[in-house]
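Fold and geometry: a report
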Amino acid sequence: MSPPPAPLFDDAAVPLPLLRQRAFNQRWAEQPEGVIPLTAADPDFPAAAVIREALVAHGREGVFSYGPPGGLPLFREAVALDLRQRRGAAVEPGGVMAVNSAAAGLALVARHWLQPGDEAIVWDPVDFLLPHVVRASGGVPVLWSIERHGPLDLEVLERLITPRTRLLCLCNPHNPLGRCFSRQELESLGRLCLARGLRVLSDEVWSDIVYPPAVFTSWLALEPSLAAIGAVVQGFSKGFALAGLRVGAVAMADPEALAALLAASDQPSTVDGVATLSQVAAAAACSPEGLAWLAAFLEHLRQRRDQTIDALRAIPGLRVSRPEATYVAFVGLPAGGEEPEALVERLRLAHGLALVPGSPRWFGPGGAGHVRLCFATSEAILAEGLRRFAAGMAAAQPGRGSSG
């Protein structure tokens, strides 16, 4: 299966007029004219042709009936097959349900497994959604500090577990650190959770964006006793540019456990649910043509990752690691310099560049002293954004220029 031709991701492939109309969530449609947003983790490129064609074909027929509460058979079969073939996970269609975005999937599992006052251990830093869904369920997030490199400190994890602890929340691959956790690390976590009676919620929305030689391991690909205590949440926004279609999946090794989750949701009542058209698009993403597009996109992203890291390392004072996964760089700022929020505001106003600050609002206390930069765009747009970043950093350090 060879990747599609490179022009899919060349400079001309970014539809800027449409992005300025449609790309919200801190992106092009919310920025003043002339500002480059390297903000929300959402690609600047159109979705794969096979996905667009599936949407058009389904829409042309004009039948938009209710779908089953757990999702269309087409969707559940496609996701289960993809988990088996690409992840080595023993999952059947009955162990998959469609959800209204990966974020909604995280919230659904948290509500199902947590009671008010229950504690859930959450990495710090991590994307704000994980502690948010714990709080929204009445639970209490307990932060476990981790680093970009180095072993996970299981002794610290043990000390964080109390009689109220019910859940360990994982983000693998990790946003914003770009870390892809090994099978050995996950097995160690799993054995500890099994011994202490904890369930595991694994946010795997970034699992399609992993750069060799890193290897992604799904929680559901672990040995059966460990897979059984977990729920995996997947999405189609990061790898396939489908954020606006609001479609994701929750998968479990045990179809009966998944059926209990579905029954406890509002999807059987039709209060909640996923548009059938969105499920058609997601199923097309899992097709051979969709995966070929993903392979080409991943190669483009690998090049943009290296472009980003090389440019950032040329800026004095920054602390930068090459991410193993995701298409975001988490950039450590010079010690004693501007606070991330002030820097981000100055870069936007004075240099026409929008970034995400590493504030507790977005990533927890562990994000302090960082900014996050998304590189899922064209080579030219990224080069100009990085040039503006370098200029802004030089302006904050009188007498010190950038070698980039």
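The present account deals with the structure reproduced in this document. (Residues numbered from 1 in each chain as written. Predicted model: local features only at pLDDT ≥ 70, side-chain atom pairs only at ≥ 80, totals over all residues. Heavy atoms only, no water.)

**Let's talk about the overall build of the protein**
Scanning the protein from terminus to terminus reveals 15 helices and twelve strands. Against the globule reference of 22 Å for 404 residues, the protein gives a C-alpha radius of gyration of 21 Å, in line with a compact fold. Oriented by its inertia axes, the alpha-carbon framework of the protein measures out at about 65 × 55 × 35 Å. With 404 residues in all, the protein has 55% of them scored as buried. Contacts in the protein between residues far apart in sequence, at least 24 positions, make up 72% of those at least 6 positions apart. Of the roughly 16600 Å² that the protein leaves accessible, carbon and sulfur atoms contribute 55%. Counting 35 positive and 40 negative side-chain charges, the protein places the centres of these two groups 3 Å from one another. (Helix = DSSP H or I, 4+ residues; strand = E, 2+ residues; numbered from the N terminus. Rg over C-alpha atoms; globule rule 2.2 N^0.38 Å. Buried < 20%, exposed > 50% of the residue type's maximum accessible area, 1.4 Å probe, protein only. Contact = heavy atoms within 4.5 Å. Areas by Shrake-Rupley, 256 points an atom, 1.4 Å probe, with all protein chains shown as cover. Lys, Arg positive; Asp, Glu negative; His and termini not counted. Charge placed at Lys NZ, Arg CZ, Asp CG, Glu CD.)

**Considerations on the nonpolar core**
Formed by 130 residues in total, the largest nonpolar core has its most connected members in F75, F236, Y327 and F389. Here this core gets nine residues from one element, more than from any other, and that element is helix 12 (residues 288-313). In this view, F389 contacts L312, I315, L318, V331, L347, L353, L355, V371 and L373; residues no more than four positions away in its chain are not counted. (Core = buried A, V, L, I, M, F, W, Y, C linked by side-chain atoms within 4.5 Å.)

**Notes on the packing of aromatic side chains**
Each aromatic ring pair is summarised here by two numbers: the centre-to-centre distance and the angle between the ring planes. One pass over the structure, following the stated rule, counts 14 aromatic pairs. Ring geometry for F45 and F297: centres 6.3 Å apart, planes at 75 degrees, overall edge-to-face. Pair noted here: F45 is in the loop between strand 1 (36-37) and helix 2 (49-60) and F297 is in helix 12, with a separation of 252 residues, a long-range link. Residue F45 is classed as buried on the basis of its relative accessible area, which comes to 4%. Overall, F297 belongs to the buried group, its relative accessible area being 0%. (Phe/Tyr/Trp six-rings, centres within 6.5 Å; stacked < 30°, edge-to-face > 60°.)

**Describing the packing of helix 4 (residues 102-113) against helix 5 (residues 129-136)**
Their axes nearest at 9 Å, the elements helix 4 and helix 5 cross at an angle of 40 degrees. On the basis of their axis angle, the class for helix 4 and helix 5 is oblique. Helix-helix and strand crossings are classified by hand; for helix 4 and helix 5 the assignment is right-handed. On helix 5, the residues that touch A103, L106, A107 and A110 of helix 4 are L129, L130 and V133. (Axes fitted to C-alpha atoms, helices over the stretch in contact; angles between N-to-C directions. Parallel < 35°, antiparallel > 145°, perpendicular 65-115°, else oblique. Left-handed = near helix turned anticlockwise from the far one by under 90°.)

**Observations concerning the sheet that holds strand 2 (residues 96-99)**
By definition, the strands of a sheet pair up through backbone hydrogen bonds, in either a parallel or an antiparallel sense. Reading across the sheet, the seven strands line up as 2-8-7-6-5-3-4 and stay open at both edges, with mixed pairing between neighbours. The open sheet has two free edges, formed respectively by strand 2 and strand 4 (140-145), since each of these has just one partner strand. Each strand of the sheet is rotated relative to its neighbour by a mean of 25 degrees, with strand direction disregarded. Inspection of the sheet shows strand 3 (residues 119-124) paired to strand 5 (residues 165-171) by four bridges, in the parallel sense. In the strand pairing of strand 5, I121 is matched with L168. (Pairing = 2+ DSSP bridges.)

**Some words on the state of the cysteines**
A covalent bond between the sulfur atoms of two cysteines is referred to as a disulfide. Summed over the entire model, instances satisfying the criterion amount to zero disulfides. Left without a disulfide partner, C180 is nearest to the cysteine sulfur of C171, which lies 11 Å away. Judged by relative accessible area, which is 10%, C180 ranks as buried. The thiol of C193 is not disulfide-bonded; the next cysteine sulfur, from C169, is found 10 Å away. (Disulfide = S-S within 2.5 Å.)

**Let's talk about the sheet that holds strand 11 (residues 356-357)**
Pairing in this open sheet of three strands is antiparallel, and the strands run 9-12-11 from one edge to the other. One side of each edge strand has no neighbouring strand; the edge strands of this open sheet are strand 9 (328-332) and strand 11. Relative to strand 12 (residues 370-374), strand 11 runs antiparallel, the two sharing two bridges. Note on strand 12: the bridge partner recorded for P357 is V371.

**So, helix 7 (residues 183-196)**
Think of an α-helix as 3.6 residues a turn; residues three or four steps apart then line up on the same face. Between its terminal C-alpha atoms helix 7 stretches 20 Å, which fits the 20 Å expected from 14 residues at 1.5 Å a residue. Considered for burial, the residues of helix 7 that qualify are E185, L186, E187, L189, G190, L192 and C193. Contacts made by the buried residues of helix 7 are with strand 3, strand 4, helix 6 (154-160), strand 5, strand 6 (199-203) and helix 8 (224-227). Following helix 7 by one or two positions, G197 adopts a phi angle in the positive range, close to 75 degrees. (Expected span 1.5 Å × (residues − 1).)

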